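Take a look at the letters that make up each chain.
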Amino acid sequence: MSMDSLRNKIRLGIFALSVLACSESSNSIPPDFVRLYVDLRVASREYGETSTDGRIVRMRILEKYGYTAERFDSVAECIQKSPDLWEPFQEAVVEYTDSIAVAVNAIAPQIRNQPDSKKGEKK
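One structure accompanies this document, and this report is about it. Being a predicted model, the structure only gives us computed values, none of them experimental.

## Digging into the pattern of salt bridges
Scanning the entire structure with this criterion turns up 3 salt bridges. Arg 41 serves as the salt-bridge partner of Glu 49, at 3.3 Å between the closest nitrogen and oxygen. A residue is classified by how much of its surface remains accessible, and Arg 41, at 38% relative accessible area, is partly exposed.

## With respect to helix α4 (residues 69-81)
Helix length check: α4, at 13 residues, gives a terminal C-alpha distance of 18 Å against a target of 18 Å (1.5 Å per residue), a fit within 8%. Among the residues of α4, those classed as buried are Phe 72, Ser 74, Val 75, Ala 76, Cys 78 and Ile 79.

## A closer look at unusual backbone geometry
Outside of glycine, negative phi angles account for most residues, and trans bonds account for most peptide bonds. Positioned with a positive phi, Asp 32 is a non-glycine residue whose angle comes to about 70 degrees. Mapped onto the fold, Asp 32 is located in the loop between α1 (3-24) and α2 (33-47). Of the residues examined, Asp 32 reaches a relative accessible area of 35% and is grouped as partly exposed.

## Structural notes on the nonpolar core
If you look at the biggest cluster of nonpolar residues, it comprises 17 residues, and the most contacted ones within it are Phe 33, Leu 36, Tyr 67 and Phe 72. At the level of secondary structure, the elements contributing two or more residues to this core comprise α2, α3 (52-65), α4 and α5 (83-103). When residues in this core are grouped by element, the largest group, 6 residues, is from α2. Other than its neighbours up to four places away in sequence, Phe 33 contacts Tyr 67, Phe 72, Val 75, Ala 76, Ile 79 and Phe 89.

## Some words on the packing of aromatic side chains
On inspection of all chains with the given rule, the structure shows 5 aromatic pairs. Measuring from centroid to centroid gives 5.8 Å for Phe 33 and Tyr 67, while their planes differ by 50 degrees, and the two rings are tilted. Separated by 34 residues along the polypeptide, Phe 33 in helix α2 and Tyr 67 in the loop between α3 and α4 bring together distant segments of the chain. For Phe 33, a relative accessible area of 0% gives the class buried. Note on Tyr 67: relative accessible area 7%, which makes it buried. An aromatic cluster of at least three residues, connected via ring pairs, comprises Phe 33, Tyr 37, Tyr 67, Phe 72, Trp 86 and Phe 89. For Arg 71, the ring lying beneath its charged end belongs to Tyr 67, and the centroid distance is 4.0 Å.

Rules behind the numbers
Residues numbered from 1 in each chain as written. Predicted model: local features only at pLDDT ≥ 70, side-chain atom pairs only at ≥ 80, totals over all residues. Heavy atoms only, no water. Salt bridge = Lys/Arg side-chain N within 4 Å of Asp/Glu carboxyl O. Buried < 20%, exposed > 50% of the residue type's maximum accessible area, 1.4 Å probe, protein only. Helix = DSSP H or I, 4+ residues; strand = E, 2+ residues; numbered from the N terminus. Expected span 1.5 Å × (residues − 1). Core = buried A, V, L, I, M, F, W, Y, C linked by side-chain atoms within 4.5 Å. Contact = heavy atoms within 4.5 Å. Phe/Tyr/Trp six-rings, centres within 6.5 Å; stacked < 30°, edge-to-face > 60°. Lys NZ or Arg CZ within 6 Å of the ring centre and 35° of its normal.

As structure tokens, then:
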């Protein structure tokens, strides 16, 4: 098998994965993707983007969730390109990040969607 043939097969495989990832996420965000995304961002903040330890931790996180770097990138790209997924994804990221912060007592729990107490009052 020549190197060109191998490269073409690898490219085709990556393309197939990206198509599959886009079709998986076309109607919804894949399960666990929000937690995966937040865990990767936390690791990047903790260890830096370029450190060896950071790369090792991020690879372990990907493995924990059953993702490759390529699959993660393709799902993230599909979410970014889809207006129907982008806003719910961002809201889920904020909600999950807040839940982590509450769990470690870094912030007080926030009450969301609380009706404004002054709405029914006449002025």
